[in-house]
Amino acid sequence: MSLLVTGTIGIDTVHAPTGSAEGVLGGSCAYFAAAASFHSPVRVVAAVGGDWPDDHRKVLEGFDNISLDGLEVRAGSRTFAWGGKYFANMNERETLFTELGVVEEPAPMVPEAYRDSEYVFLANTHPEVQLAFLDQLPDRKLAVADTMDLWINIARDELVMLLEQVDGLVLNDSEALQLTEVRNAVTAARKILEMGPTFVVVKKGEHGCVLAHESGVAVLPAFPAEAHHVIDPTGAGDSFAGGMMGHIAVAGRADLPTIQSALAWGTVTASFTLESFSLDRLASLKRADIDRRMAEFRGAARVG
Ligand code: AMP
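All chains use their own residue numbering, which begins from 1 and follows the written sequence. Totals for whole chains, interfaces and linings use all residues, but because this is a predicted model, local features are given only for residues with pLDDT of at least 70 and pairs of side-chain atoms are given and counted only at 80 or more. Hydrogen atoms and water are omitted, and side-chain values are computed over all heavy atoms in the structure.

Peer 1: Kindly report on the overall build of the chain, identifying the contributing residues and their values.
Peer 2: Going along the chain from the N terminus, every DSSP run of H or I of four or more residues is numbered as a helix, and every run of E of two or more is numbered as a strand. Within the chain one finds 11 helices and 13 strands. The C-alpha atoms of the chain give a radius of gyration of 18 Å, which matches the 19 Å a tight globule of 304 residues would have. Seen through its principal axes, the chain has C-alpha atoms that stretch 55 × 40 × 35 Å. Expressed as a percentage of the 304 residues in the chain, the buried residues total 56%. For this measure, only C-alpha atoms enter the radius of gyration; the expected value for a globule follows 2.2 Å times N^0.38, where N is the number of residues. Only protein chains enter the accessibility calculation, which uses a 1.4 Å probe; a residue is then buried when its area is under 20% of its type maximum, exposed when over 50%, and partly exposed in between.

Peer 1: Hey, could you go over the environment of tyrosine 114 for me, with residue numbers and the actual values?
Peer 2: Along the chain, tyrosine 114 turns up in the loop between β7 (93–99) and β8 (119–122). Take tyrosine 114: its relative accessible area is 4%, and that puts it in the buried class. In this structure, the C-alpha to C-alpha distance between tyrosine 114 and alanine 47, residues 67 residues apart in sequence, is 16 Å. We call two N or O atoms a polar contact when they sit within 3.5 Å, provided that within protein one can donate a hydrogen and the other can accept it, with sequence-adjacent residues counted only if both atoms are side-chain atoms. At 3.2 Å, the side chain of tyrosine 114 and the backbone nitrogen of aspartate 69 are in polar contact.

Peer 1: Could you give me a rundown of the site of the ligand, with the residues and numbers involved?
Peer 2: Nearness here has a simple test: a residue counts as near a molecule or strand if at least one of its heavy atoms is within 4 Å of that partner. As a structural note, the neighbourhood of the ligand is formed by 18 residues, with Asp12, Gly27, Arg93, Gly235 and Asp238 the closest of them. Separating a nitrogen atom of the ligand from a side-chain N or O atom of tryptophan 151 is a distance of 3.2 Å. Using a 1.4 Å probe, accessible areas were evaluated by the Shrake-Rupley method; residue-level cover was limited to the displayed protein chains. Burial of the ligand by the protein chains amounts to 94% of its free accessible area of 500 Å². Only α1 (28–36), β6 (80–86), α4 (149–154) and α8 (236–251) provide two or more residues apiece to the shell around the ligand. The element contributing the most residues to the shell around the ligand is α8, with 3 residues.

Peer 1: An account of unusual backbone geometry is needed here, citing residue identities and associated values.
Peer 2: Of note, the phi angle at asparagine 65 is positive, near 80°, even though the residue is not glycine. Relative to the helices and strands, asparagine 65 is located in the loop between α2 (54–61) and β5 (66–74). Of note in the backbone geometry, glutamate 181 takes a positive phi value of approximately 65° without being a glycine. Within the secondary structure, glutamate 181 is located in the loop between α6 (173–180) and α7 (185–193).

Peer 1: Lay out the pairing of β6 in plain terms, naming residues and giving numbers.
Peer 2: With respect to burial, β6 is a largely interior element, 6 of its 7 residues being buried. With 6 bridges connecting them, strand β2 (residues 10–16) and β6 associate as parallel partners. Paired with glycine 10 across the bridge in β6 is phenylalanine 80. Think of it this way: DSSP has to see at least two bridges between two strands before they count as a pair. Sheet topology places β6 next to β7; 6 bridges connect them, and they run antiparallel. For glycine 84, the partnering residue across the bridge sits in β7 and is threonine 95.

Peer 1: Tell me about the pattern of salt bridges, residues and numbers included.
Peer 2: A carboxyl oxygen of Asp or Glu within 4 Å of a side-chain nitrogen of Lys or Arg is what we treat as a salt bridge. Within the structure shown, the criterion is met by 12 salt bridges. A salt bridge links glutamate 112 to arginine 115, with the nearest nitrogen and oxygen atoms 3.9 Å apart. The residue aspartate 289 makes a salt bridge to arginine 292 at a minimum N-O spacing of 2.8 Å. Note that aspartate 289 and arginine 292 are positioned in helix α11 (residues 287–300) at a spacing of 3 residues, about one turn of the helix. Residue aspartate 289 is classed as buried on the basis of its relative accessible area, which comes to 17%. The exposure class of arginine 292 is exposed, given its relative accessible area of 54%. Taken together, the salt bridges that share partners define one network made up of Glu72, Arg74 and Glu105.

Peer 1: Talk me through the side chain of histidine 213; I want residue IDs and the actual numbers.
Peer 2: When you line up the elements, histidine 213 lands in strand β12 (residues 209–213). Reaching out from histidine 213, the side chain makes a polar contact with the side chain of serine 215 at a distance of 2.9 Å.

Peer 1: With reference to specific residues and values, describe the nonpolar core.
Peer 2: Formed by 58 residues in total, the largest nonpolar core has its most connected members in Met244 and Met245. Looking at this core, the element that brings in the most residues is helix α9 (residues 256–273), giving 9 residues. Look past the residues within four positions of methionine 245 in its chain and what remains in contact with it is Leu3, Phe32, Tyr119, Val120, Phe121, Leu142 and Val144. In this description, a nonpolar core means a group of buried Ala, Val, Leu, Ile, Met, Phe, Trp, Tyr and Cys residues linked to one another through side-chain atoms lying within 4.5 Å. Two residues qualify as a contact provided that any one of their heavy atoms is within 4.5 Å of a heavy atom in the partner residue.

Peer 1: Describe the sheet that holds β7, naming the residues involved and giving the relevant values.
Peer 2: The mixed open sheet is built from 4 strands, whose spatial order is β3-β2-β6-β7. Looking at which strands have only one partner, the edges of the open sheet turn out to be β3 (19–26) and β7. On average, each strand axis in the sheet is tilted by 15° relative to the strand beside it, whichever way the strands run. Docked against the sheet, α2 engages β2 and β3, running at close to 75° with respect to β3. Helix axes use the C-alpha atoms of the stretch in contact, all axes being lines fitted to C-alpha atoms, and the angles between their N-to-C directions lie in the range 0 to 180 degrees.

In short, the description is geometric, and any link to function would need to be established separately.
Put into C-alpha coordinates, the structure is as follows:
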(Lines give C-alpha, C1' and ligand atoms only; values in the text may rest on other atoms or scores of the structure.)
Protein backbone atom coordinates (compact mmCIF):
# COMPACT_ATOMS: atom_id res chain seq x y z
CA MET A 1 0.00 0.00 0.00
CA SER A 2 3.03 2.32 -0.23
CA LEU A 3 2.07 5.62 -1.87
CA LEU A 4 4.59 7.89 -3.58
CA VAL A 5 4.06 11.31 -5.12
CA THR A 6 6.15 13.57 -7.26
CA GLY A 7 5.26 17.02 -8.54
CA THR A 8 5.99 20.61 -7.68
CA ILE A 9 6.74 22.17 -4.33
CA GLY A 10 5.93 25.77 -5.07
CA ILE A 11 6.23 29.25 -3.71
CA ASP A 12 2.76 30.62 -4.47
CA THR A 13 1.31 34.09 -4.73
CA VAL A 14 -2.47 34.12 -4.82
CA HIS A 15 -4.91 37.00 -5.30
CA ALA A 16 -8.56 36.28 -4.65
CA PRO A 17 -11.63 38.39 -3.90
CA THR A 18 -11.15 37.18 -0.29
CA GLY A 19 -7.59 38.60 0.01
CA SER A 20 -4.03 37.85 -1.07
CA ALA A 21 -1.20 35.59 0.04
CA GLU A 22 2.37 36.17 -1.13
CA GLY A 23 5.25 33.72 -1.13
CA VAL A 24 3.32 30.95 0.62
CA LEU A 25 3.82 27.18 0.48
CA GLY A 26 2.05 25.55 -2.44
CA GLY A 27 2.72 23.22 -5.34
CA SER A 28 0.92 20.16 -6.62
CA CYS A 29 3.06 17.74 -4.61
CA ALA A 30 2.73 19.67 -1.35
CA TYR A 31 -1.07 19.81 -1.50
CA PHE A 32 -1.32 16.18 -2.63
CA ALA A 33 0.95 14.89 0.14
CA ALA A 34 -0.78 16.88 2.86
CA ALA A 35 -4.22 15.63 1.77
CA ALA A 36 -3.13 12.03 1.22
CA SER A 37 -1.45 11.90 4.63
CA PHE A 38 -4.84 11.77 6.37
CA HIS A 39 -5.56 8.50 4.58
CA SER A 40 -2.20 6.74 4.10
CA PRO A 41 1.52 7.28 4.70
CA VAL A 42 2.94 9.16 1.70
CA ARG A 43 6.46 9.42 0.29
CA VAL A 44 7.45 12.69 -1.38
CA VAL A 45 10.02 12.90 -4.18
CA ALA A 46 10.55 16.47 -5.37
CA ALA A 47 13.15 19.18 -5.78
CA VAL A 48 13.34 22.70 -4.39
CA GLY A 49 15.99 25.40 -4.78
CA GLY A 50 18.30 27.06 -2.29
CA ASP A 51 15.68 29.81 -1.93
CA TRP A 52 13.09 27.45 -0.36
CA PRO A 53 12.02 29.03 2.95
CA ASP A 54 12.66 27.05 6.08
CA ASP A 55 9.18 27.76 7.39
CA HIS A 56 7.74 26.00 4.33
CA ARG A 57 9.71 22.88 5.26
CA LYS A 58 8.41 23.13 8.82
CA VAL A 59 4.81 23.12 7.56
CA LEU A 60 5.38 19.86 5.67
CA GLU A 61 7.29 18.35 8.58
CA GLY A 62 4.29 19.12 10.79
CA PHE A 63 2.15 16.48 9.04
CA ASP A 64 2.23 12.96 10.50
CA ASN A 65 2.62 10.40 7.72
CA ILE A 66 4.62 12.47 5.18
CA SER A 67 8.18 11.21 4.49
CA LEU A 68 10.47 13.83 3.06
CA ASP A 69 13.54 11.63 2.44
CA GLY A 70 13.08 12.15 -1.30
CA LEU A 71 13.10 15.94 -1.10
CA GLU A 72 16.18 17.31 -2.91
CA VAL A 73 17.43 20.78 -2.05
CA ARG A 74 19.46 22.15 -4.99
CA ALA A 75 21.47 25.01 -3.56
CA GLY A 76 22.19 26.77 -6.86
CA SER A 77 18.66 26.43 -8.27
CA ARG A 78 15.38 28.22 -7.81
CA THR A 79 12.18 26.74 -6.40
CA PHE A 80 9.14 26.49 -8.71
CA ALA A 81 7.03 29.62 -8.23
CA TRP A 82 3.48 30.32 -9.35
CA GLY A 83 1.10 33.25 -9.17
CA GLY A 84 -2.64 33.15 -9.80
CA LYS A 85 -5.64 35.42 -9.62
CA TYR A 86 -9.22 34.23 -9.00
CA PHE A 87 -12.22 35.86 -10.61
CA ALA A 88 -15.31 36.87 -8.66
CA ASN A 89 -16.94 33.44 -9.01
CA MET A 90 -13.89 31.76 -7.31
CA ASN A 91 -14.21 28.92 -9.80
CA GLU A 92 -12.09 30.38 -12.58
CA ARG A 93 -8.60 31.78 -12.32
CA GLU A 94 -5.83 33.11 -14.48
CA THR A 95 -2.16 32.30 -14.07
CA LEU A 96 -0.14 35.48 -13.53
CA PHE A 97 3.29 33.85 -13.71
CA THR A 98 4.98 30.46 -13.68
CA GLU A 99 8.71 30.30 -12.90
CA LEU A 100 9.74 26.74 -13.59
CA GLY A 101 13.12 26.80 -11.78
CA VAL A 102 14.00 23.22 -10.74
CA VAL A 103 11.20 21.81 -12.94
CA GLU A 104 13.38 22.56 -16.00
CA GLU A 105 16.20 20.47 -14.55
CA PRO A 106 16.52 16.66 -14.50
CA ALA A 107 13.83 14.83 -12.52
CA PRO A 108 14.62 14.19 -8.84
CA MET A 109 15.87 10.67 -8.06
CA VAL A 110 13.63 8.17 -6.33
CA PRO A 111 15.58 7.09 -3.20
CA GLU A 112 16.50 3.39 -3.06
CA ALA A 113 14.18 2.88 -0.09
CA TYR A 114 11.20 4.18 -2.13
CA ARG A 115 11.76 2.03 -5.21
CA ASP A 116 9.29 -0.58 -4.00
CA SER A 117 6.43 1.97 -4.05
CA GLU A 118 3.26 0.38 -5.40
CA TYR A 119 0.93 3.36 -5.76
CA VAL A 120 2.38 6.31 -7.63
CA PHE A 121 0.88 9.72 -8.26
CA LEU A 122 2.47 11.99 -10.84
CA ALA A 123 1.15 15.35 -9.67
CA ASN A 124 1.36 18.29 -12.01
CA THR A 125 4.78 18.88 -13.47
CA HIS A 126 6.43 18.64 -16.88
CA PRO A 127 5.30 15.37 -18.58
CA GLU A 128 8.94 14.64 -19.40
CA VAL A 129 9.70 14.65 -15.67
CA GLN A 130 6.63 12.45 -15.07
CA LEU A 131 7.85 9.98 -17.71
CA ALA A 132 11.38 9.91 -16.27
CA PHE A 133 9.83 9.04 -12.97
CA LEU A 134 7.95 5.98 -14.08
CA ASP A 135 11.22 4.45 -15.34
CA GLN A 136 12.49 4.52 -11.76
CA LEU A 137 9.50 2.62 -10.35
CA PRO A 138 9.41 -0.80 -11.98
CA ASP A 139 7.44 -2.46 -9.13
CA ARG A 140 4.46 -0.10 -9.25
CA LYS A 141 0.96 -1.53 -9.20
CA LEU A 142 -0.84 1.66 -10.22
CA ALA A 143 0.35 4.98 -11.65
CA VAL A 144 -2.01 7.94 -11.93
CA ALA A 145 -1.13 11.32 -13.43
CA ASP A 146 -2.49 14.85 -13.31
CA THR A 147 -1.86 17.49 -15.94
CA MET A 148 -2.82 21.07 -16.76
CA ASP A 149 -3.21 23.64 -19.52
CA LEU A 150 0.46 24.69 -19.62
CA TRP A 151 1.65 21.14 -20.32
CA ILE A 152 -1.09 20.41 -22.86
CA ASN A 153 0.10 23.58 -24.65
CA ILE A 154 3.85 23.12 -24.55
CA ALA A 155 4.43 19.36 -24.11
CA ARG A 156 1.52 17.55 -25.77
CA ASP A 157 3.69 14.86 -27.40
CA GLU A 158 5.29 13.90 -24.10
CA LEU A 159 1.85 13.92 -22.47
CA VAL A 160 0.49 11.53 -25.10
CA MET A 161 3.46 9.20 -24.43
CA LEU A 162 2.74 9.42 -20.72
CA LEU A 163 -0.91 8.46 -21.23
CA GLU A 164 0.21 5.21 -22.83
CA GLN A 165 2.04 4.31 -19.61
CA VAL A 166 -0.26 5.36 -16.78
CA ASP A 167 -3.31 3.59 -15.37
CA GLY A 168 -5.26 6.73 -14.55
CA LEU A 169 -5.50 10.43 -15.37
CA VAL A 170 -7.06 13.23 -13.33
CA LEU A 171 -7.76 16.58 -15.01
CA ASN A 172 -10.35 19.33 -15.00
CA ASP A 173 -13.07 19.89 -17.57
CA SER A 174 -11.33 22.75 -19.40
CA GLU A 175 -8.16 20.64 -19.67
CA ALA A 176 -10.16 17.65 -20.94
CA LEU A 177 -11.65 19.94 -23.60
CA GLN A 178 -8.21 21.27 -24.50
CA LEU A 179 -6.78 17.75 -24.80
CA THR A 180 -9.64 16.15 -26.76
CA GLU A 181 -11.51 19.09 -28.33
CA VAL A 182 -14.69 17.55 -26.86
CA ARG A 183 -16.77 19.68 -24.46
CA ASN A 184 -18.91 16.88 -22.94
CA ALA A 185 -16.97 15.53 -19.95
CA VAL A 186 -18.11 11.90 -20.36
CA THR A 187 -17.27 11.78 -24.05
CA ALA A 188 -13.95 13.57 -23.48
CA ALA A 189 -13.05 11.10 -20.72
CA ARG A 190 -13.91 8.14 -22.95
CA LYS A 191 -11.71 9.60 -25.67
CA ILE A 192 -8.83 9.83 -23.19
CA LEU A 193 -9.41 6.16 -22.22
CA GLU A 194 -8.62 5.31 -25.84
CA MET A 195 -5.23 6.99 -25.38
CA GLY A 196 -4.13 4.44 -22.74
CA PRO A 197 -5.37 4.76 -19.14
CA THR A 198 -7.97 2.42 -17.62
CA PHE A 199 -9.69 5.29 -15.80
CA VAL A 200 -10.05 9.04 -16.20
CA VAL A 201 -11.47 11.51 -13.67
CA VAL A 202 -12.74 14.82 -15.04
CA LYS A 203 -13.14 17.42 -12.28
CA LYS A 204 -15.82 20.06 -12.74
CA GLY A 205 -15.07 22.34 -9.79
CA GLU A 206 -18.17 23.14 -7.79
CA HIS A 207 -20.13 20.76 -10.05
CA GLY A 208 -18.34 17.62 -8.91
CA CYS A 209 -16.64 15.06 -11.12
CA VAL A 210 -17.14 12.36 -13.72
CA LEU A 211 -15.28 9.05 -13.72
CA ALA A 212 -14.87 7.01 -16.89
CA HIS A 213 -13.50 3.55 -16.15
CA GLU A 214 -13.01 0.64 -18.50
CA SER A 215 -15.93 -1.04 -16.73
CA GLY A 216 -18.37 1.89 -16.52
CA VAL A 217 -19.10 5.53 -15.78
CA ALA A 218 -19.74 7.17 -12.39
CA VAL A 219 -20.52 10.69 -11.17
CA LEU A 220 -20.22 12.50 -7.86
CA PRO A 221 -21.36 15.98 -6.77
CA ALA A 222 -18.96 18.39 -5.07
CA PHE A 223 -19.21 18.99 -1.34
CA PRO A 224 -21.81 21.77 -0.96
CA ALA A 225 -19.50 24.45 0.47
CA GLU A 226 -21.08 27.76 1.48
CA ALA A 227 -19.67 30.86 -0.21
CA HIS A 228 -18.20 32.28 3.00
CA HIS A 229 -16.11 29.11 3.47
CA VAL A 230 -14.43 29.42 0.07
CA ILE A 231 -11.31 31.48 0.79
CA ASP A 232 -8.78 30.10 -1.74
CA PRO A 233 -9.43 27.14 -4.07
CA THR A 234 -5.72 26.75 -4.92
CA GLY A 235 -4.64 23.17 -4.45
CA ALA A 236 -8.17 21.79 -4.25
CA GLY A 237 -7.51 19.63 -7.33
CA ASP A 238 -4.29 18.24 -5.86
CA SER A 239 -5.96 17.66 -2.50
CA PHE A 240 -8.81 15.82 -4.22
CA ALA A 241 -6.23 13.58 -5.88
CA GLY A 242 -4.44 13.11 -2.54
CA GLY A 243 -7.58 11.94 -0.76
CA MET A 244 -8.49 9.73 -3.71
CA MET A 245 -5.08 8.05 -4.00
CA GLY A 246 -4.71 7.70 -0.23
CA HIS A 247 -7.94 5.73 -0.18
CA ILE A 248 -6.96 3.58 -3.19
CA ALA A 249 -3.54 2.81 -1.67
CA VAL A 250 -5.11 1.65 1.61
CA ALA A 251 -7.78 -0.38 -0.22
CA GLY A 252 -5.06 -1.98 -2.36
CA ARG A 253 -7.18 -2.06 -5.52
CA ALA A 254 -8.58 0.27 -8.17
CA ASP A 255 -11.80 -1.33 -9.39
CA LEU A 256 -14.77 0.91 -10.18
CA PRO A 257 -16.49 0.75 -6.74
CA THR A 258 -13.19 1.45 -4.93
CA ILE A 259 -12.45 4.46 -7.13
CA GLN A 260 -16.02 5.70 -6.60
CA SER A 261 -15.48 5.70 -2.82
CA ALA A 262 -12.06 7.23 -3.35
CA LEU A 263 -13.64 10.12 -5.26
CA ALA A 264 -15.85 10.85 -2.25
CA TRP A 265 -12.89 10.84 0.16
CA GLY A 266 -10.99 13.09 -2.28
CA THR A 267 -13.95 15.48 -2.53
CA VAL A 268 -14.35 15.74 1.23
CA THR A 269 -10.61 16.19 1.86
CA ALA A 270 -10.38 18.92 -0.80
CA SER A 271 -13.35 20.75 0.71
CA PHE A 272 -11.08 21.72 3.62
CA THR A 273 -8.25 23.00 1.42
CA LEU A 274 -10.34 25.83 0.03
CA GLU A 275 -11.17 27.14 3.50
CA SER A 276 -7.79 28.91 3.76
CA PHE A 277 -4.83 30.19 1.81
CA SER A 278 -1.93 27.78 1.30
CA LEU A 279 -1.99 24.58 3.39
CA ASP A 280 -3.17 26.37 6.53
CA ARG A 281 -6.46 24.50 6.96
CA LEU A 282 -4.90 21.14 6.14
CA ALA A 283 -2.19 21.82 8.72
CA SER A 284 -4.77 22.11 11.50
CA LEU A 285 -7.00 19.29 10.24
CA LYS A 286 -7.64 16.01 12.07
CA ARG A 287 -8.78 12.75 10.52
CA ALA A 288 -11.91 12.97 12.68
CA ASP A 289 -12.85 16.25 10.91
CA ILE A 290 -12.73 14.42 7.58
CA ASP A 291 -14.81 11.53 8.92
CA ARG A 292 -17.46 13.89 10.26
CA ARG A 293 -17.72 15.75 6.98
CA MET A 294 -17.83 12.47 5.06
CA ALA A 295 -20.92 11.49 7.07
CA GLU A 296 -22.51 14.85 6.18
CA PHE A 297 -21.61 14.38 2.51
CA ARG A 298 -23.08 10.86 2.44
CA GLY A 299 -26.34 12.30 3.72
CA ALA A 300 -26.33 15.20 1.26
CA ALA A 301 -25.47 13.08 -1.78
CA ARG A 302 -27.81 10.15 -1.15
CA VAL A 303 -29.49 8.81 -4.27
CA GLY A 304 -32.70 6.76 -4.29
P1 AMP B 1 -4.62 23.26 -8.30
O2 AMP B 1 -5.31 24.47 -7.73
O3 AMP B 1 -5.02 21.97 -7.66
O4 AMP B 1 -4.65 23.23 -9.79
O5 AMP B 1 -3.08 23.40 -7.94
C6 AMP B 1 -2.45 24.60 -7.72
C7 AMP B 1 -0.99 24.37 -7.34
O8 AMP B 1 -0.27 23.86 -8.46
C9 AMP B 1 -0.31 25.65 -6.92
O10 AMP B 1 0.06 25.53 -5.56
C11 AMP B 1 0.90 25.80 -7.84
O12 AMP B 1 2.10 26.00 -7.17
C13 AMP B 1 0.95 24.50 -8.64
N14 AMP B 1 1.10 24.73 -10.07
C15 AMP B 1 0.62 25.76 -10.81
N16 AMP B 1 0.95 25.60 -12.12
C17 AMP B 1 1.65 24.44 -12.20
C18 AMP B 1 2.25 23.72 -13.28
N19 AMP B 1 2.20 24.17 -14.54
N20 AMP B 1 2.87 22.56 -12.98
C21 AMP B 1 2.90 22.09 -11.73
N22 AMP B 1 2.36 22.71 -10.67
C23 AMP B 1 1.73 23.87 -10.89
